[in-house]
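# Coordinate inspection notes
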Amino acid sequence: LKVTITEVPVPVSYGPAFEGERVRKDDVYLECGGGKTPCFELVRIAEMDAVEDGKVEVIGPDIKDVQPGSGLPLGVVVEVAGRKMQEDYEPILERQIHHLVNYAQGVMHIGQRDIAWYRIGKSAVEKGFTLEHIGKILHAKFHQDFGAIFDKCQVKIYTEEDKVKELLRVAQEMYRARDERIEGMTDETTEIYYSCTLCQSFAPTHVCVISPERTGLCGAYNWLDCKASYEINPTGPNQPIAKGETLDERYGNWKGVNEFVEKASRGAVSSYNFYSVVYDPMTTCGCCECVAAVLPMCNGVMTVNREYTGMTPCGMKFTTLAGTIGGGNVTPGFVGHSKYNITQRKFIAGDGGIKRLVWMPKMLKEEIRERLIKRGEEIGIPNFIDMIATEEQGVTEDEILPFLQEVGHPALSMEPILG
Ligand code: SF4
Ligand code: ZN
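As a starting point, this report considers the structure included with it. (Residues numbered from 1 in each chain as written. Chains lettered and ligands numbered in written order. Predicted model: local features only at pLDDT ≥ 70, side-chain atom pairs only at ≥ 80, totals over all residues. Heavy atoms only, no water.)

Turning our eyes to something else, we now look at the overall build of the chain. Counting its regular elements, the chain contains 11 helices and 17 strands. In terms of overall size, the chain behaves like a compact globule, its C-alpha atoms giving a radius of gyration of 21 Å where 419 residues would be expected to give roughly 22 Å. Projected onto its principal axes, the C-alpha positions of the chain cover 60 × 45 × 40 Å. Here the chain, with 419 residues, has 57% of them falling under the buried criterion. Relative to all contacts within the chain whose residues are 6 or more apart in sequence, the contacts with residues 24 or more apart total 73%. Taken together, the 45 basic and 60 acidic charged side chains of the chain have centroids lying 2 Å from each other. (Helix = DSSP H or I, 4+ residues; strand = E, 2+ residues; numbered from the N terminus. Rg over C-alpha atoms; globule rule 2.2 N^0.38 Å. Buried < 20%, exposed > 50% of the residue type's maximum accessible area, 1.4 Å probe, protein only. Contact = heavy atoms within 4.5 Å. Lys, Arg positive; Asp, Glu negative; His and termini not counted. Charge placed at Lys NZ, Arg CZ, Asp CG, Glu CD.)

See below:
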């Protein structure tokens, strides 16, 4: 492996060679997020005179203030300004944080948005790494890679619980607004989809193809984001794909997409379906916000989000599911997807759509409540949300089936899910 040390002002080695490196539990000096503390990251546009280029502030305790093995809340807020900077570019810069932070030796980053998870290893801390260096990395690399679209960049790193929670709500409102920009666009009327191969350093055969009605499984990239990313960086990870001839309308399979996926996965994956969890679903990488799985006994599908740490009716917890299917393969019966995708009209449409959804964690149901109610009305079952079981009814198929029968869940009268 070639170690490229880029000019980044950090006391540890820095480069793509360290991207896939893990920081094990026993080696952790500081951990943020990962279900233990609130953690989010946000890139937002700011006025020119409100940004002092290169300024990095840590607001709250830093590494020197905590003992090895500690946890802290974390909010990483990057403000960028410039004549060419647009709101549309915010998500693109934000999604870079994942690999840019991972490039630092002894630092691990997983996830994005409000499910980001940082681990800073003891070895990095021994060399002098502090939270301020996260800001230094982002400032240096954003200029290096995206200098053409902005002029100034400053970073604020919050670690006080109250402030992190307050800003988390602001960030979540922005994520929601970004997600909803795609509403109204349909796959049928869109001839060009976009690839995303950002995650290939972790999952070499993984290729996301993003259509208006199927956002990226990390939740951070929708079709509009990919389009903007391609405009900024025409040779980058988001390439336009002419979807070409429709080979299967129900399951969402296109000739042009398959050809692209085969090339981009170096022959490992020759075809996948956009709208199915049962038959040749899309490949999954470790970033997925949720994993859907078939529940044969209930004739339906469950989904679980990363933040839910309990058992699920498919017999696996989220971490096991993501660890098993997140390597970039097609795994029939399982698929990674974004939270937003659950209420997109094409969600597992080939398998019968959202009517198949029989179980999800209560916290996820609450998070997407409004949109779930709207979708229920759209499919003519206004109380559909109340028919979906949660851990309150049970965490095995045996436990939830009586509930599904009692409420008359539509999945029970659909054609067999495994044909
Ligand atoms: Fe891109 Fe997919 Fe990775 Fe998200 S999960 S960054 S859309 S490859
Ligand atoms: Zn990924």
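Here we come to the side chain of Arg-356. Of note, Arg-356 is situated in the loop between β16 (334-337) and β17 (357-359). Glu-415 is the oppositely charged side chain nearest to the buried, salt-bridge-free Arg-356, at an N-O distance of 5.0 Å. Not counting residues up to four positions away in its chain, the partners in contact with Arg-356 are Asn-299, Gly-300, Val-301, Ile-348, Asp-351, His-409, Ala-411, Met-414, Glu-415, Pro-416 and Ile-417. (Salt bridge = Lys/Arg side-chain N within 4 Å of Asp/Glu carboxyl O.)

Attention now goes to the sheet that holds strand β7 (residues 117-121). Strand order across the open sheet formed by 4 strands is β4-β1-β7-β6, with mixed pairing between neighbours. Edge strands, defined here as strands with exactly one partner in the open sheet, are β4 (70-71) and β6 (107-110). Note: strand β1 (residues 28-33) against β4, 2 bridges, orientation parallel. Its bridge partner lying in β4, Glu-31 is registered against Gly-71. (Pairing = 2+ DSSP bridges.)

Here we take up the coordination of the zinc ion (ligand 2). Those protein atoms acting as donors to the zinc ion (ligand 2) are Cys-199 (SG), Cys-285 (SG) and Cys-287 (SG), and they sit at 2.2 Å. On the primary sequence, the residues serving as donors to the zinc ion (ligand 2) are separated as C-x85-C-x1-C. Placement of Cys-199 in the loop between β9 (192-196) and β10 (208-210) and of Cys-287 in the loop between α6 (255-264) and β14 (290-295) is noted, with a sequence separation of 88 residues between them. Overall, Cys-199 belongs to the buried group, its relative accessible area being 11%. According to the relative accessible area criterion, Cys-287 is buried, its value standing at 6%. (Donors = N, O, S within 2.8 Å, 3.2 Å for Na, K, Ca; no water.)

What follows concerns the environment of Ile-63. On the secondary structure map, Ile-63 appears in the loop between β3 (56-59) and β4. Residue class for Ile-63 comes out buried when judged on its relative accessible area of 3%. Excluding anything up to four places from it in sequence, Ile-63 contacts Tyr-29, Leu-30, Ile-120, Val-125, Phe-129, Thr-130 and Leu-131.

Take the pairing of β14 next. Taking burial as the measure, the 6 residues of β14 include 6 buried ones, the bulk of the element. Pairing analysis gives 6 bridges linking β14 to strand β15 (residues 300-305), with the strands arranged antiparallel. Note on β15: the bridge partner recorded for Ala-293 is Met-302. The turn linking β14 back onto β15 is made up of 4 residues, and Asn-299 within it adopts a positive phi angle of 55 degrees.

The phi dihedral of Arg-113 falls on the positive side, at around 45 degrees, and the residue is not glycine. Structurally, the position occupied by Arg-113 is in the loop between β6 and β7. For Arg-113, a relative accessible area of 6% gives the class buried. Of note, Asn-299 is a non-glycine position whose phi angle comes to about 55 degrees, a positive value. Among the secondary structure elements, Asn-299 is positioned in the loop between β14 and β15.

Looking now at the site of ligand 1. Close to ligand 1 lie Arg-95, Cys-196, Leu-198, Cys-199, His-206, Cys-208, Ile-210, Gly-216, Leu-217, Cys-218, Tyr-221 and Cys-285, which account for all nearby residues. Its residues assigned to classes, the shell around ligand 1 shows 9 nonpolar, 2 polar and 1 charged. (Near = heavy atom within 4 Å. Nonpolar A, V, L, I, M, F, W, Y, C, P; charged D, E, K, R; others polar.)

Looking now at the packing of helix α1 (residues 90-102) against helix α4 (residues 161-180). Remark: α1 packs on α4, axes separated minimally by 12 Å, with the N-to-C direction vectors making an angle of 120 degrees. Of the possible angle classes, the one that applies to α1 and α4 is oblique. Considering the relative orientation of α1 and α4, their crossing is left-handed. Here α1 contributes Glu-90, Pro-91 and Glu-94 to the contact with α4, which in turn contributes Met-174, Tyr-175 and Arg-178. Its residues assigned to classes, the contact of α1 with α4 comprises 3 nonpolar, no polar and 3 charged. (Axes fitted to C-alpha atoms, helices over the stretch in contact; angles between N-to-C directions. Parallel < 35°, antiparallel > 145°, perpendicular 65-115°, else oblique. Left-handed = near helix turned anticlockwise from the far one by under 90°.)

From the geometry alone we can't say anything about function, so treat these as descriptive.
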